[in-house]
Amino acid sequence: LGFLSKPVEKVLRVGTSPDFPPFEYVDEKTGEVVGIDIDLIKAIANRLGYKVQIVSMDFDGLIPALEQGQVDVVISGMTITEERAKRVDFSIPYWKADQAIIVSKGSSFKPLKIEDLVNHTVGVQSGTTAEQLLDSYVSKGYNINVKRYSSYTLAVQDLINGRVDAVVVDSPVANTLAKKYSVEVAATITTGEEYGIAVKKGNKALLDQINKALSEILNSSEWDSIISKYMG
Ligand code: GLN
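Residues numbered from 1 in each chain as written. Predicted model: local features only at pLDDT ≥ 70, side-chain atom pairs only at ≥ 80, totals over all residues. Heavy atoms only, no water.

(A) Representation of the overall build of the protein. A count of helical and extended segments in the protein gives eight helices and 13 strands. For a compact globule of 232 residues, the expected C-alpha radius of gyration is about 17 Å, and the protein comes in at 19 Å, within 12% of that figure. Seen through its C-alpha atoms, the protein measures out along the principal axes to roughly 70 × 40 × 30 Å. Across the 232 residues of the protein, 49% fall into the buried class. (Helix = DSSP H or I, 4+ residues; strand = E, 2+ residues; numbered from the N terminus. Rg over C-alpha atoms; globule rule 2.2 N^0.38 Å. Buried < 20%, exposed > 50% of the residue type's maximum accessible area, 1.4 Å probe, protein only.)

Encoded structure:
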């Protein structure tokens, strides 16, 4: 009867796009997906009695994966927007961010605002608020050549190789990229974004549990240690 004593382990399938340090990225030594978001969702899952299964995919595939039931939650530095909130439900916010323009280190091109990107090629990850920001300028008539990538990793590679003149990315990620790679932050664009954890539309039971655990964690020293582990 040994099998009867084995506890049933509930699994929380977590969708993320691990190209967004310090929130989610692949540890070069272990090959594991790590970061603030990963530790945060593990802390939440731990409180709720779940084991976490990380499911990596491109950012623009995350909301479809939730809708199709391939994952239970998405945590991926995802900004809470009205448009997205029509398709998924968001937790309370856990982080504030703006956008930033990064260029390769020592570049003579020093954009200070989005308008300065006119007549330049600018890399961005598909499906992000950075892409929406650039597209809104293009539709107002600004001649910005927006180059879309499936991941920020590829966009930053092209920036370093000189295939794009700049990349627009969330400000906390820009600061981390500037520490890890040969890139620098040229400008910050205030957008006042807030990150949330997403669940399938209508999954109130899971969302309520997540919100309760999340607010507890945000007010605990556990949260401070997660942040200093990745940003310290
Ligand atoms: N915060 C941005 C968004 O929600 C970028 C997220 C990301 O690239 N992981 O679109």
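(B) Region of interest: the domain arrangement of the protein. Taken domain by domain, the protein holds domain 1 (11-94 + 196-231) and domain 2 (97-193). Centre-to-centre separation of domain 1 and domain 2, based on C-alpha positions: 24 Å. Counting residues at the interface gives 17 residues for domain 1, matched by 20 residues for domain 2. For the domain 1 face of the interface with domain 2, the top three residues by lost area are Asp19, Phe20 and Pro21, together amounting to 37%. (Domains from an automatic or database assignment. Contact = heavy atoms within 4.5 Å. Buried area = accessible area lost by both parts, 1.4 Å probe.)

(C) Examining the environment of valine 118 more closely. If you trace the backbone, valine 118 turns up in the loop between strand E8 (95-104) and strand E9 (121-125). Valine 118 gets classed as partly exposed once you look at its relative accessible area, which sits at 26%. Taking the C-alpha atoms as reference, valine 118 lies 9.2 Å from valine 138; in sequence the two are 20 residues apart. Excluding residues that lie within four positions of it along the chain, valine 118 makes contacts with Tyr142, Asn143 and Ile144.

(D) Up close: the environment of glutamate 193. Tracing the sequence through the fold places glutamate 193 in strand E12 (residues 183-195). Judged by relative accessible area, glutamate 193 falls into the buried class, the value being 7%. When the C-alpha atoms of glutamate 193 and alanine 97 are compared, they prove to be 5.1 Å apart, with 96 residues separating the residues in sequence. Setting aside residues up to four positions removed in sequence, glutamate 193 forms contacts with Thr79, Trp95, Lys96, Ala97, Gln99 and Thr129. Looking at glutamate 193, its side chain comes within polar contact range of the side chain of threonine 129, at 2.7 Å. (Polar contact = N/O pair within 3.5 Å; in protein donor to acceptor, adjacent residues only side chain to side chain.)

(E) Up close: the site of the ligand. Around the ligand lies a shell of 13 residues, among which Gly77, Thr79, Arg84, Thr129 and Asp170 are the nearest. Between serine 76 and the ligand, the recorded distance is 2.9 Å, taken from a backbone N or O atom to a nitrogen atom. Within the backbone of glycine 77, an N or O atom sits 2.7 Å from a nitrogen atom of the ligand. Protein contact buries 100% of the 300 Å² of open area that the ligand shows by itself. By residue class, the composition of the shell around the ligand is five nonpolar, six polar and two charged. Here the shell around the ligand spans two domains, and each of domain 1 (11-94 + 196-231) and domain 2 (97-193) adds at least three residues to it. (Near = heavy atom within 4 Å. Areas by Shrake-Rupley, 256 points an atom, 1.4 Å probe, with all protein chains shown as cover. Nonpolar A, V, L, I, M, F, W, Y, C, P; charged D, E, K, R; others polar.)

(F) Summary view of the sheet that holds strand E6 (residues 73-74). On the basis of which strands lie adjacent, the open sheet formed by five strands has the order E5-E1-E6-E13-E7 and mixed pairing. Edge positions in the open sheet fall to strand E5 (50-56) and strand E7 (88-90), since each of these has one partner strand only. Sitting on the sheet, helix H1 (residues 36-48) is in contact with strand E1 (10-16), E5 and E6, with an inclination near 150 degrees to E5. (Pairing = 2+ DSSP bridges. Axes fitted to C-alpha atoms, helices over the stretch in contact; angles between N-to-C directions.)

(G) Representation of the pattern of salt bridges in the model. Counting across every chain of the model gives 15 salt bridges. With a shortest N-O distance of 2.8 Å, aspartate 158 and arginine 163 are connected by a salt bridge. When salt bridges with common partners are traced through the structure, they connect Arg47, Lys212, Glu216 and Glu222 into a single cluster. (Salt bridge = Lys/Arg side-chain N within 4 Å of Asp/Glu carboxyl O.)

(H) Inspection of the packing of H1 against helix H7 (residues 204-218) at higher detail. As a packed pair, H1 and H7 sit with axes 9 Å apart at the nearest point and diverge in direction by 115 degrees. Crossing handedness for the pair H1 and H7: right-handed. Here Leu40, Ala43, Ile44, Arg47 and Leu48 of H1 come into contact with H7, specifically with Gln209, Ile210, Ala213, Leu214, Glu216 and Ile217. Classifying every residue of the contact of H1 with H7 by side-chain character gives eight nonpolar, one polar and two charged. (Left-handed = near helix turned anticlockwise from the far one by under 90°.)

(I) Layout of the nonpolar core. Ile44 and Leu117 are the most contacted members of the largest nonpolar core, which totals 61 residues. Per-element accounting of this core gives the leading share, seven residues, to H1. The next biggest cluster of nonpolar side chains, apart from the first, holds 12 residues, and it includes Leu62, Ile63, Val71 and Met78. (Core = buried A, V, L, I, M, F, W, Y, C linked by side-chain atoms within 4.5 Å.)

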